[in-house]
Amino acid sequence: MSRIKGQGPFSLDLILPVLDLGQEKAFTPVDSTAWIAWISSLSGWLLGTTVITSLTRRLTRS
């Protein structure tokens, strides 16, 4: 898979925990960008868990 360049794909690679765009291996954040990357990754997992939980709850009530 070819590496996509730019900040958008790197952000998507951090926020979407299921998708692997190969950007985390291509770029190593340092200093303040490391904190932003860590927070983005954590928020992606929380968002994904929330969406799956809400869909599961919605489908089981029907």
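Small disclaimer: the values here were computed from a predicted structure and weren't measured. (Residues numbered from 1 in each chain as written. Predicted model: local features only at pLDDT ≥ 70, side-chain atom pairs only at ≥ 80, totals over all residues. Heavy atoms only, no water.)

A. Representation of the overall build of the chain. Counting its regular elements, the chain contains three helices and zero strands. Going from the N terminus to the C terminus, the chain shows its helices and strands as α-α-α. Looking at the chain as a whole, 16% of its 62 residues qualify as buried. Residue pairs in contact within the chain that sit at least 24 positions apart in sequence constitute 19% of those at least 6 positions apart. Entry remark: accessible area of the chain is about 5,300 Å², with carbon and sulfur atoms responsible for 66%. (Helix = DSSP H or I, 4+ residues; strand = E, 2+ residues; numbered from the N terminus. Buried < 20%, exposed > 50% of the residue type's maximum accessible area, 1.4 Å probe, protein only. Contact = heavy atoms within 4.5 Å. Areas by Shrake-Rupley, 256 points an atom, 1.4 Å probe, with all protein chains shown as cover.)

B. The environment of Leu-42, seen in detail. Residue position: Leu-42 is located in helix H3 (residues 32–61). Looking at Leu-42, the relative accessible area reads 42%, which means it is partly exposed. For Leu-42 and Pro-17, which are 25 residues apart along the polypeptide, the C-alpha to C-alpha distance reads 9.1 Å.

C. Here's a closer look at the layout of surface pockets. Considered as a void within the structure, the second largest pocket measures approximately 150 Å³ in volume. Around the second largest pocket, the lining residues are Ile-15, Leu-16, Pro-17, Val-18, Gly-44, Trp-45, Leu-47, Gly-48, Thr-49 and Ile-52. With six residues, the single largest contributor to the lining of the second largest pocket is H3. The class makeup of the residues in the lining of the second largest pocket is seven nonpolar, three polar and no charged. (1 Å grid on protein atoms, 1.4 Å probe; cavity = no way out; pocket = protein on both sides within 12 Å on 5 of 7 lines; lining within 4 Å. Points joined across faces, edges and corners; volume = space filled by probe spheres on them. Nonpolar A, V, L, I, M, F, W, Y, C, P; charged D, E, K, R; others polar.)

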